[in-house]
Amino acid sequence: MGNLLIAKNGEVIYEPSIGFQDIDSGERLTSPSRLRVGSITKMFTTALVLKNVEEGKLSLDQPLSDFFPQVKNAEKITMSNLLQHRSGIHNFTNDEVYMAYYQSTQNEESMVEKIVAAGSDFESDSKGEYSNSNFVLLTYILEKLNQSSYAELIKENISSPLKRNSTYVGKSPLKEEAKSYQFVEGKWVIEPFTDMSVLAGAGAILSTSEDLLRFIEGLFAGKIISQESLELMKEIKDGYGRGMFQYPYAEKIFYGHTGGIDGFRSLIGYFPNEKLTIVTLSNGLNFNSNDITIAMLHSYFGNEVSIPNFTIVELSEEEIDQYVGEYSSEQILLVFIFERQGEVLVAKPSGQQDTRFGSERESYL
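Not measured: the values here are computed from a predicted model.

Here is what the cut-offs are and how they apply
Residues numbered from 1 in each chain as written. Predicted model: local features only at pLDDT ≥ 70, side-chain atom pairs only at ≥ 80, totals over all residues. Heavy atoms only, no water. Helix = DSSP H or I, 4+ residues; strand = E, 2+ residues; numbered from the N terminus. Rg over C-alpha atoms; globule rule 2.2 N^0.38 Å. Buried < 20%, exposed > 50% of the residue type's maximum accessible area, 1.4 Å probe, protein only. Contact = heavy atoms within 4.5 Å. Areas by Shrake-Rupley, 256 points an atom, 1.4 Å probe, with all protein chains shown as cover. Core = buried A, V, L, I, M, F, W, Y, C linked by side-chain atoms within 4.5 Å. Phe/Tyr/Trp six-rings, centres within 6.5 Å; stacked < 30°, edge-to-face > 60°. Lys NZ or Arg CZ within 6 Å of the ring centre and 35° of its normal. Pairing = 2+ DSSP bridges. Lys, Arg positive; Asp, Glu negative; His and termini not counted. Salt bridge = Lys/Arg side-chain N within 4 Å of Asp/Glu carboxyl O. Polar contact = N/O pair within 3.5 Å; in protein donor to acceptor, adjacent residues only side chain to side chain.

S.K.: Would you mind showing me how to read the overall build of the chain here?
M.R.: When you go through the chain residue by residue, the secondary structure sums to 11 helices and 18 strands. Taken over C-alpha atoms, the radius of gyration comes to 20 Å for the chain, in line with the 21 Å a tight globule of 365 residues would show. Along the longest, intermediate and shortest principal axes, the C-alpha atoms of the chain span 55 × 45 × 45 Å. Per-residue burial over the chain gives 53% buried out of 365 residues. Counting contacts in the chain only where the partners sit at least 6 residues apart, residues at least 24 apart contribute 65% of the total. Summed over all atoms, the accessible surface of the chain reaches about 16100 Å², with 48% contributed by carbon and sulfur.

If you want it as structure tokens, here you go:
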């Protein structure tokens, strides 16, 4: 269930809506439906950080110790390290205890306390490893520098200039916002809501497919930050850009981000050479999201699209156990942990929540 979009030169050429915004009420998804976008939020946060750099309020070389000296190795960790997942700060969403508080309202004090207690996983700038903690800290830094809430900064610097009314930082779920679901034993089961105060600038934004289109087009057109700042976002090191990833599709590349929160899964991507935008926003998956994306791109570029076989294959526990373990990709440096939960194989991408039917960030080949 979800909304899909393909646009060329800003003109929408494909925009179907599939399934329900609220199954119980029978309200169907439409293009204006607002869904949680998860880690796509990090692109918005990065744009705000770089805008502050352009305005002279912040430097990419500035140490974290200027704001949070209590964080381990803060004097060695720079703003650039935070943006590019090179800080070494442990990712709080990887911990089992996260599930005990993710639905409860948090503030800066409580979240910083958790991040400080979790410590560091490696020496800063020695490698890249995904961590939501980086972007939660960046949220608080932005609020300190601007004496304004993160929600207001998004509205003033991105939503209002782009004339978008459906992109905002979430609070308590509103009636007009989509609910999310997992497909369990042949039926859709509603997912609990994460309290957005927990993830802040790491994953708290809601948006629509068209709003995301206008955002990424505005980003690449210099309407939000300068072209110089955009190049800093696109700069890839050990698989990570600053709040952005580079994805392959055949001989082409596109830039963007994926997201996953509760039962929501999302992707935003932009092909600079082709001036092509692709957006997928899902609030319920019972099929591999990567295969959906590939089918969309194959169709657009005139490549063969294979219609999948939807026959359900029953596997024994022994057959499922063959695939249990840790996996990584040479193209996109992210570790996936596959484990068996009953009769289901569950994949957990590093730094993200469990997901059946594929991973949150995969190679688009």
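S.K.: When you look at the nonpolar core in this model, what are you seeing that I'm missing?
M.R.: General note: in soluble globular proteins, nonpolar side chains tend to be found buried as a group. Counting 73 residues, the largest nonpolar core has Leu64 and Leu219 as its most contacted members. Broken down by element, the residue count for this core peaks at 7 residues, all from helix H5 (residues 132-146). Those residues in contact with Leu219 that sit more than four places away from it in its chain are Met43, Ala47, Ile224, Ile225, Leu230, Met233 and Met244. Core analysis: the second largest hydrophobic core is formed by 14 residues, Ile6, Tyr247, Phe271 and Met296 among them.

S.K.: Could you clarify how one ought to interpret the packing of aromatic side chains in this entry?
M.R.: Aromatic ring pairs: the centre-centre distance and the angle between the two ring planes describe each pair. By the definition in use, this model includes 16 aromatic pairs. An aromatic cluster of at least three residues, connected via ring pairs, comprises Tyr130, Tyr240, Phe245, Tyr247, Tyr249, Phe254, Phe271, Tyr300 and Phe301. Lys114 extends its terminal NZ or CZ atom over the ring of Tyr101, reaching a point 4.7 Å from the ring centre.

S.K.: What's the story with the pairing of strand S2 (residues 11-14) in this structure? I'm lost.
M.R.: Of the strand pairs in this sheet, strand S1 (residues 2-8) and S2 are connected by 3 bridges, and their pairing is antiparallel. Residue pairing in the sheet places Lys8 in a bridge with Glu11 of S2.

S.K.: Is there a simple way to explain the side chain of Asn81 in this structure?
M.R.: Among the structural elements, Asn81 can be located in helix H2 (residues 79-83). Asn81 has contacts with Lys76, Arg86, Ser87, Ser124 and Asp125, leaving out every residue within four places of it along the chain.

S.K.: I keep staring at the sheet that holds strand S15 (residues 284-285) and nothing clicks. Help me out?
M.R.: Hydrogen bonds between backbone groups are what pair the strands of a sheet, and the pairing can be parallel or antiparallel. Strand order in the open sheet formed by 3 strands is S9-S8-S15, with mixed pairing between adjacent strands. Of all strands in the sheet, those bounded by a partner on one side alone are strand S9 (187-190) and S15. As defined by bridge partners, strand S8 (residues 181-184) adjoins S9 across 4 bridges and the pair is classed as antiparallel. Within the sheet, the bridge partner assigned to Phe183 lies in S9 and is Trp188.

S.K.: Can you help me understand the side chain of Asp195 in this one?
M.R.: Here Asp195 lies in the loop between S9 and helix H7 (196-199). Here Asp195 occupies a buried position and makes no salt bridge, while the nearest side chain of opposite charge, Arg36, is found at 7.5 Å. At 2.5 Å, the side chain of Asp195 and the side chain of Ser197 are in polar contact. Sequence-distant contacts of Asp195, defined by excluding residues within four places in its chain, comprise Tyr102, Gln103, Ser104 and Thr105.

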